Each structure stands twice: as structure tokens, then as C-alpha cells.
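# Structural features, examined
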Amino acid sequence: MFPKGTKRKFSDSGDEPAAGDEDVNQPSSVAVRMLSSYSLQRQSLLDMSLIKLQLCHMLVEPNLCRSVLIANTVRQIQEEMTQDGTWQIMTQALSAANAAAQCSADRLVATEVLCRQTEGGVTMSTVSPQAPTSYLPGTFGMDPCWEEENGEDEEEDEDSEECGSGSEEGDSDRLVEDSRTAEQVFGTFEIKNPAPSPDPALEELFSDVDASYYDLDTVLTGMQSAPKMGPYDLLESLSSHGPSPLSSSTSCRSDLNELDHIMEIIVGS
Amino acid sequence: ADIISTVEFNYSGELLATGDKGGRVVIFQREQESKNRPHSRGEYNVYSTFQSHEPEFDYLKSLEIEEKINKIRWLPQQNAAHSLLSTNDKTIKLWKISQRDKRAEGYNLKDEDGRLRDPFRVTSLRVPVLLPMDLMVEASPRRIFANAHTYHINSISVNSDHETYLSADDLRVNLWHLEITDRSFNIVDIKPANMEELTEVITAAECHPHQCNVFVYSSSKGTIRLCDMRAAALCDRQSKFFEEPEDPSSRSFFSEIISSISDVKFSHSGRYMMTRDYLSVKVWDLNMENRPVETYQVHEYLRSKLCSLYENDCIFDKFECCWNGSDSAIMTGSYNNFFRMFDRNTRRDITLEASRENSKPRAILKARKVSTGGKRKKDEISVDSLDFNKKILHTAWHPKENVIAVAATNNLYIFQDKIN
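As the structure is a computational prediction, the values presented were derived from the model and not from experiment.

About the criteria used
- Residues numbered from 1 in each chain as written.
- Chains lettered and ligands numbered in written order.
- Predicted model: local features only at pLDDT ≥ 70, side-chain atom pairs only at ≥ 80, totals over all residues.
- Heavy atoms only, no water.
- Helix = DSSP H or I, 4+ residues; strand = E, 2+ residues; numbered from the N terminus.
- Buried < 20%, exposed > 50% of the residue type's maximum accessible area, 1.4 Å probe, protein only.
- Areas by Shrake-Rupley, 256 points an atom, 1.4 Å probe, with all protein chains shown as cover.
- Pairing = 2+ DSSP bridges.
- Axes fitted to C-alpha atoms, helices over the stretch in contact; angles between N-to-C directions.
- Core = buried A, V, L, I, M, F, W, Y, C linked by side-chain atoms within 4.5 Å.
- Contact = heavy atoms within 4.5 Å.
- Expected span 1.5 Å × (residues − 1).
- Polar contact = N/O pair within 3.5 Å; in protein donor to acceptor, adjacent residues only side chain to side chain.
- pLDDT = per-residue confidence, 0-100.

### Some words on the overall build of chain A
- Across its full length, chain A holds 10 helices and 2 strands.
- Its helices and strands taken in sequence order, chain A reads α-α-α-α-β-α-α-β-α-α-α-α from the N to the C terminus.
- Counting across all 269 residues of chain A, residues that qualify as buried make up 46%.
- Total accessible area on chain A is roughly 13300 Å²; 56% of this is exposed by carbon and sulfur atoms.

### A word on the sheet that holds strand S23 (residues 321–323) of chain B
All names here are of chain B.
- Strand order in the open sheet formed by 4 strands is S23-S24-S25-S26, with antiparallel pairing between adjacent strands. Among the strands making up the open sheet, the edge pair consists of S23 and strand S26 (349–353). The mean angle between the axes of side-by-side strands here comes to 20°, regardless of whether they run parallel or antiparallel.
- Examined bridge by bridge, S23 and strand S24 (residues 329–333) share 3 bridges and lie antiparallel to one another. Its bridge partner lying in S24, Cys 321 is registered against Thr 332.

### Let's talk about the sheet that holds strand S3 (residues 24–30) of chain B
Residue and element names in this part refer to chain B.
- With antiparallel pairing, 4 strands are arranged side by side in an open sheet as S1-S2-S3-S4. The open sheet has two free edges, formed respectively by strand S1 (4–9) and strand S4 (44–51), since each of these has just one partner strand. The mean angle between the axes of side-by-side strands here comes to 20°, regardless of whether they run parallel or antiparallel.
- When S3 meets S4, the two strands line up antiparallel, connected through 7 bridges.

### Regarding the nonpolar core
- Judged by nonpolar contacts, the single largest core of 44 residues is most densely connected at A:Leu45, B:Tyr278, B:Leu302, B:Leu309, B:Tyr310, B:Ile315 and B:Leu386.
- Secondary structure elements with two or more residues in this core: helix H1 (27–54), helix H2 (64–83) and helix H3 (86–100) of chain A together with helix H1 (255–259) and helix H2 (306–311) of chain B.
- It is H2(A) that contributes the most residues to this core, 8 residues altogether.
- Among residues more than four places away in sequence, those in contact with B:Tyr310 are A:Leu45, A:Met48, A:Ser49, A:Lys52, A:Ile70, A:Thr73, B:Phe254, B:Ile257, B:Ile315 and B:Phe316.

### Examining H3(A)
- For H3(A), spanning 15 residues, the distance from its first C-alpha to its last is 21 Å, which sits close to the expected 21 Å at 1.5 Å a residue.
- What H3(A) keeps buried is the set A:Trp87, A:Gln88, A:Met90, A:Thr91, A:Leu94, A:Ser95, A:Ala97 and A:Asn98.

### Some points on H2(A)
Residue and element names in this part refer to chain A.
- The end-to-end C-alpha separation of H2 is 28 Å, in line with the 28 Å expected for 20 residues at 1.5 Å each.
- The buried fraction of H2 is high, at 17 of 20 residues.
- Measuring from the backbone nitrogen of Cys 65 back to the side-chain oxygen at the start of H2 gives 3.1 Å, which picks out Asn 63 as the cap.
- Where H2 terminates, the next one or two residues include Gly 85, which has phi positive at roughly 80°.

### Regarding the confidence of the model for chain A
Residue and element names in this part refer to chain A.
- Across chain A, the average pLDDT comes to 54, with 27% of residues at or above 70.
- With pLDDT under 50 throughout, residues 102–198 is counted as low confidence; its partners more than four residues away or in other chains account for 185 contacts.
- pLDDT under 50 marks residues 209–249. Its contacts with residues more than four places away, or in other chains, come to 95 contacts.

Below you can see the structure in the form of C-alpha cells.
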């Protein structure tokens, strides 16, 4: 789970647990503790990076170099987490929490950066291995065909969660799929542009307009034209556990739909 | 006074230009040495101030374009006037700075206040004479090089042919002719077809000081590419690729970020180049690509603090570095208003502080030390007491003498060698 409330500081100087009082005959427990401490540190680094990518300067173009470096760090962490299997554990926990609670802002930390609505109908889609789906986030401008698919997927997701979590076979399959979808989620933000206009005159007019930079911007730095909630709301809601008054219940509802959709992509059902 | 964002001496060292966050350029001029005060060589006084760039608004992206001056580069002097290039994120301007200390009086067709005289009233002819006047320094924009960069310009560099210059942004490098403002040649383009595959950006670029066909550009992954413009119109394939292999024992999640090169500078000789990454300065021999010939640690004590520095964004600070005139010493900045100088021959280094509180004017600067171990000696400062808001990112060294300019946030310090 994302660490809630207490701010865990990434121990900078490679703190080792005080081994003085430890029973020397149990090196494994020390190792386990060090490993979990490393995992915690890595997790908090991931959270920090995701927040950094989200907080955006609304007025001035953000620093591309900084965004690229942070995004590379996130990818690195995600790759490592995928390799040692913790990625799947995290996403399973996320989907479990999602099924249990309403609008918790914690999950939005990861998912917000994955899906953002941009101006001009440019969308960001995550491609699942089973069915390439065009995913339109946001409370407005929803594609009707997406909604249908979402409905199907939601049902599938709930079914698989209820009966599939126990079997080993299912787990290993899911693990394989996870690494692939996780790779796609973080490694390739597929940015879908609107169908290019065939009109040559229009094209010429916009030939020097580099819309893709703006898209990358929105992805990497979380810029959005109509924020559902501002960066400071997000930070506030991170520190408080309870459901925060983010928005009206209707947008909360659609947020849940989005979350369900993303979860099933990540979990790979 | 605004935060200084760039500092640059001209070719003779007589002029020192600074650019700030508010788009202003302030030029200092060195006083002629006077016999009255033989102990102080010429001091720098304000010569000219002008507004180079104004804030703009990009209507297409609904974003502001900052007026902050990212770089100033002087052009070689060709006549009595001085010229420099100054750039913000998007537009480069060529400014001509000229001075007048004489004016003509006694025109026949004009009155003293400039009104035209009625020709019939002119009864006699006289020759106008030149009379001294108060020195007036004028800066005028002579060229504006705009609309060639989609991303933020991080470097400009005047070529040794004195006719062309290059400008680099995060993904592209363009070559301009100083006389032509409506066209530029794109010579490097690392923009991927799919922006989602972007993992590396250009961080700095510079022309070779003698070979007008050679330039280098550095990247956020700690690599430097040397390109020869004779090889192809688009220099996407480098002639030389400089990268130091990573030390696997010190690998961390921050390895890539701290390897990102913030500045690259050729030596005056043209044989070496220097790169600055977050923790060190490296000197490269242009003939050896696989590792630098010299590495200097600037503030190695920060290596254990990288996570905090990542949290407060300091890890993304872009420090510059510079050579002295003879290439025997290099200088770069650090935190707490400290800056470091390294002597390449003796391998000695020194840490100095640019601060009004801690040094009186004309007093010799005291060497500073950051304590790294447990015990802190007297006069040492511990790592945790360092002020990370006081960063020295921009420094410049006089091309011929031991005079340095250090920008500490919104203050400019000029230090010179003690004369025996």
C-alpha cells in the first residue's frame, strides 16, 4: 500500500538496523528487515516521484529535462518492482482497497498520473494485452463505446477477483501479464492524437505546431486543462486518511469507474 | 535586484555582462588602472543596463514564456561598438552596445534643439565642431532570432568563424548566421518519433574554439557527443561519443540524475573539454572517449543526501563551470554560497565563500571546509547546516587575468588575485 499519514523518510545514508542487540544467530531476520526497509524506501521514492510528476506549473512550461529524469526514475523503480514481484502485490492491494472503500485519494496518486484529459481531444491510453482499448479519462467527453467496454470489464474484474485470487496458476499467469501491462502503463504512455486532418492547407498551417510536446507535458508533469482537483488538494488528501471532499459524488462515481478500469488493466484480468 | 541567471566576460575581459531573471542585462566595465591607487587594479563599474527580453505569452499552448536570460555570449569586437547575444527560452537577440562621448554642434540647417532652420534665414556657412559630452551608452537590438525553438533554449555558442553561432534546446541544435534572422539550419535533432520514447534530452552545447566545423553537446544521461558539420547536414550521428562507464558499486536510483551533465566547456586550447555533473567536474581529452582524464569532486559529501536533495528538487540544479585563461585551473559553484577552484597542475583545491557577512571588502577570502566526519573542527561547517537555497550556479573567469565573477542569487561578486 502507499504509505499513509506518516511520512517515511528515505534513509539517506544507508541506515542499517542496529545489529548490536540482535541475536547474531538469526541473520535472516536482519536481512528480511533490511529488505523490507529497502522496499519501503523504494516505495516512498516512487510516491515522491509520482507526486513530482503531477505537480505542475500551470502558467509556465515545465522543465523537460527534470520531467524526463523523474519519469526515468519511476520506470526504473517499476522495472525493479516488477522483477521481484512486489508490483503485483501492490496492485492487488490497490484493487482490494478499491473494492472496499470509496473515493480514497491515495489510489489517485498513481492513477492520476496515468490518465489525464488534455485539451483538443487528445487522449492518453493504456493498452492492455487482451484488447486495445482507447481510454478516455475525465468526467466529460466520454466516448460512449468506451463506457460499454468499461461496463464489461468491470464485471469481469469483479468476477476474477472473487474466485481467482486463490489459485496459484492464476497468480503466476497474472504475474506474467502484470509485468507486461505494467511495462506498458509506465513504459509507454501511448498518446493518441486525433485523426490528422487530410487538408494540406490546414496541415501546413499547423506544421510548426508541435502538439506532441504538449502531450508529453501533460503526461509527464500532470498538466491538465480542467483539474479535477488541484495539487494542494491532493497533498492534503494524502495526509488525511478519510475520504476527502474532492468533488461532487457524481464525479466520484466516474472516478471509481476509471479506477476499476485501470485496475483491471494493471491486474491483467 | 533580480536573481542573476548568467555571467560572461567579453574577449578582452574589459566588459562583464550579467543577465537576470527579469530579462535585464547589466554590463560592467573595468576602470582603467589609475596611478593613484596602484594596489587595486581596475574595478568593475556599471557601464550599461537594458531590458533585453520581456515576458511573452504563447497563445497556442496557453503558457507564459519567461523573460529570464538563460545565456549571454559576447561576439568578437569588430569596431568601436560591442555586440552580444542574449537568449531566453525561445528567442535570441543580438544587441549592439555603443557609446558616445562627443556631439556635433553648429549645424547649418538645424537649430541647436534640432528644429530645421528656414533655408532663407541662413546667411553664412559654418563648419560644425565636435564637442565633448557626458558619456552615453546605448544598447540597441540589431537582430532578433525567433521562432526556431519549440523547446527551451539552454545554450548558445558563437563559432570561431565569427559568422555563425549555434543555439540548443532540449531536443534540437540549430545553426544560425549572424546576419540572417529568418532561417536557421537544424543540425541535431534527437526528438523521437514517439514522444513517449523520450528518455534523454540535450543539456548543453558548445562550438569548438578553433575548428569551426566541430561542436559538442551533452545529454541528461551523462554523455557527450562531438560532431563534425562536414560529415552531414544533419549531425545525428556523432563523430565521437564520450561516456564514462558507470561504477556498479555506487549504483542507485539517483545514478542517472546525478550523471546528467549541466554544463560543457571547451578549454581555451581546444584540446580538452570540461563537463559538470551534479557531484563532480570532469576534464576530457578530446582524443579519448572512454573516460575523462581528470575528475574533481565538488561536494562528495552530498552523495549520502541524494534523497533529500531529490525531494527538495536541488538535485536538478544546473551548475556551470569555467576554465581560467591558461587552462590551468577550473572553477565551479556549490551550495551555501561556496564555490570551488581546482588547480590542474598541483591538484590542489580550495573552497571559498561569496558572502558579505563572512568577508570584508578587500579582505583575503578564507578557505572554507565542510566537515564530513563525525567530529566537526572549529571553523568547519557541517553538511546539515548548509543552506541549499544559497547556490552558486554561475561563475566566470577573466580570459587573461585572475579575476573571477561569481553570481550568488541576486548578488554579483568580483574577486581578484592578491597583488604582492
